[in-house]
Amino acid sequence: MAEDTQNKGSGAAGSSYHSKAQEHPHLMWRMFLPQYWKDWFLMLLVRFIILFPYPLFMKFGRALGLLCMHILKRRKRITEQNFHLALPELTDAEVAELTREHFANCGMGIFETAMAWYWPEKRLRKLVHIDPGQEKKAQEIAKSGKGIVVLTCHFVTLELMARIYGTYIKKGVGVYRPNDNIVIEYLQVKGRTRSNLYLVDRRKIKPIIKALMQGLPIWYAPDQDYGRRAAVFVPFFGVKDAATVTGTSGFARVKNTVVQPSYTIRLPDYQGYKLVIDDILEDFPGGDETEDAARCNKIIEGMIKQALPQYMWVHRRFKTTPNPEDPSRYHDI
């Protein structure tokens, strides 16, 4: 499957979409061509670094992230714009400080992804904190045979969240975007299936529904801007018309399926990670997918407010406007 190519016009009616998603990734000779040597080297370097004591390489990650802030000028401007749009009450000085902290968190997130993919379970467990009551209720739901839409968001710790949930609650199915780079695709699928049973392409609906009908959890983060075609426009932080996908309510309509908000945040002073598993949503989905999307956004806002700099603000979350003729909110970036 890694040999397939994605049709760039896959959103058009009548066109086909060839997924690169892999359930059982395997090495291919093409992965060792010179153009991929850099990817292998960086992977080995990161795997070596995470052998060191946790606080040491996390401090290095902070420094790396701050260095990237000065190099990735466009991403810095996008992050600042996101903070101004989402939290218009902030001063320029507060936005500058949040931006700095966010890039520091992104740097740490590189090594947290590697931890999720490569650390042995024994070492990871030493850093995990879960409320016993939340853990017990989540395990009871997992054992009930219900399909579970694990509603989450794009924290820099998202990879760790899936690993921790899969370790403590139940292994499930990851919904993801396949990578065009065959080496990165191989590495991410191998890494993510350490805590997932398998992965499915976010654009392939039937395998997701099948997983839910089999009583499996799926990790679903509907908090990014995927364009106008699959979106409704509802409030998200200070933006009253943020493009938001409606997949959460669609999957929740699968028979015997519940929606369970969950996320992982990093604790201060290198104490580790807190997995939060909230109660399943009652009366969801409702009768209106726009209201459901707004409700999900509100829940995700609550998650993000627990650790504002740890959210992935470098993405253009508010790029799509309701009117196609309106300029992008990032027209100057």
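Residues numbered from 1 in each chain as written. Predicted model: local features only at pLDDT ≥ 70, side-chain atom pairs only at ≥ 80, totals over all residues. Heavy atoms only, no water.

K.L.:
For the side chain of His-154, give the residues involved together with the corresponding values.
P.N.:
Here His-154 lies in the loop between strand S2 (147–151) and helix H7 (158–168). In terms of polar contacts, His-154 uses its side chain to reach the side chain of Asp-223, at 2.7 Å. Residues contacting His-154, with those up to four places away along its chain left out, are Ala-221, Asp-223, Gln-224, Tyr-226, Gln-310, Tyr-311 and Met-312. (Helix = DSSP H or I, 4+ residues; strand = E, 2+ residues; numbered from the N terminus. Polar contact = N/O pair within 3.5 Å; in protein donor to acceptor, adjacent residues only side chain to side chain. Contact = heavy atoms within 4.5 Å.)

K.L.:
Please give an account of the nonpolar core that cites residues and values.
P.N.:
The biggest cluster of nonpolar side chains holds 45 residues, and the ones touching the most others in it are Phe-155, Ile-218, Phe-236, Ile-304 and Trp-313. Take this core: its biggest share by element is 5 residues, from helix H11 (residues 289–305). Look past the residues within four positions of Trp-313 in its chain and what remains in contact with it is Ile-78, Thr-79, Asn-82, Phe-83, Ala-86, His-102, Phe-237, Ile-304 and Leu-308. Counting residues in each nonpolar core, the second largest holds 44 residues, with Ile-130, Val-150, Ala-162 and Ile-169 among its members. (Core = buried A, V, L, I, M, F, W, Y, C linked by side-chain atoms within 4.5 Å. Buried < 20%, exposed > 50% of the residue type's maximum accessible area, 1.4 Å probe, protein only.)

K.L.:
So what's going on with the environment of Ile-50? Residues and values would help.
P.N.:
Relative to the helices and strands, Ile-50 resides in the loop between helix H1 (37–49) and helix H2 (54–71). Beyond its immediate stretch of four places on either side in the chain, Ile-50 contacts Phe-57, Phe-111, Ala-114, Met-115, Tyr-118, Trp-119 and Arg-123.

K.L.:
Report on a nonpolar patch on the surface, specifying residues and quantitative values.
P.N.:
A cluster of nonpolar residues, Phe-41, Leu-42, Leu-45, Phe-48, Leu-51, Phe-52 and Leu-56, forms a patch on the protein surface that exposes about 710 Å² of accessible area. Ranked by residue count, the leading element in the nonpolar patch is H1, at 4 residues. Examined against the element boundaries, Leu-56 turns out to sit in helix H2. (Patch = residues over 30% accessible without salt bridge, like charges linked within 9 Å, V, L, I, M, F, W, Y side chains within 5 Å. Areas by Shrake-Rupley, 256 points an atom, 1.4 Å probe, with all protein chains shown as cover. Salt bridge = Lys/Arg side-chain N within 4 Å of Asp/Glu carboxyl O.)

K.L.:
Lay out unusual backbone geometry in plain terms, naming residues and giving numbers.
P.N.:
Residue Pro-285 follows Phe-284 across a cis peptide bond; omega there is 0 degrees. Of note, Pro-285 is situated in the loop between strand S9 (273–277) and H11. At Asn-256, a residue that is not glycine, the phi angle is positive and equals roughly 65 degrees. Looking at the secondary structure, you find Asn-256 in the loop between helix H10 (247–252) and strand S8 (257–266). A relative accessible area of 42% places Asn-256 in the partly exposed class.

K.L.:
Can you tell me about the confidence of the model for the protein chain, naming the residues and giving the values?
P.N.:
Within the protein chain, residue pLDDT values average 91, and 93% of them lie at 70 or more. For the stretch residues 1–18, pLDDT sits under 50, and the model shows 33 contacts to residues farther than four places along the chain or on other chains. (pLDDT = per-residue confidence, 0-100.)

K.L.:
Hey, could you go over the pairing of strand S5 (residues 217–220) for me, with residue numbers and the actual values?
P.N.:
Neither face of S5 is left uncovered, since the one carrying Pro-217 and Trp-219 and the one carrying Ile-218 and Tyr-220 both have all their residues buried. Sheet topology note: the S2/S5 ladder contains 4 bridges and is parallel. Looking across to S5, one finds that Ile-148 is bridged to Pro-217. Where strand S3 (residues 172–176) meets S5, 2 bridges bridge the pair, whose relative direction is parallel. Following the sheet pairing, Gly-174 is matched in S5 by Trp-219. (Pairing = 2+ DSSP bridges.)

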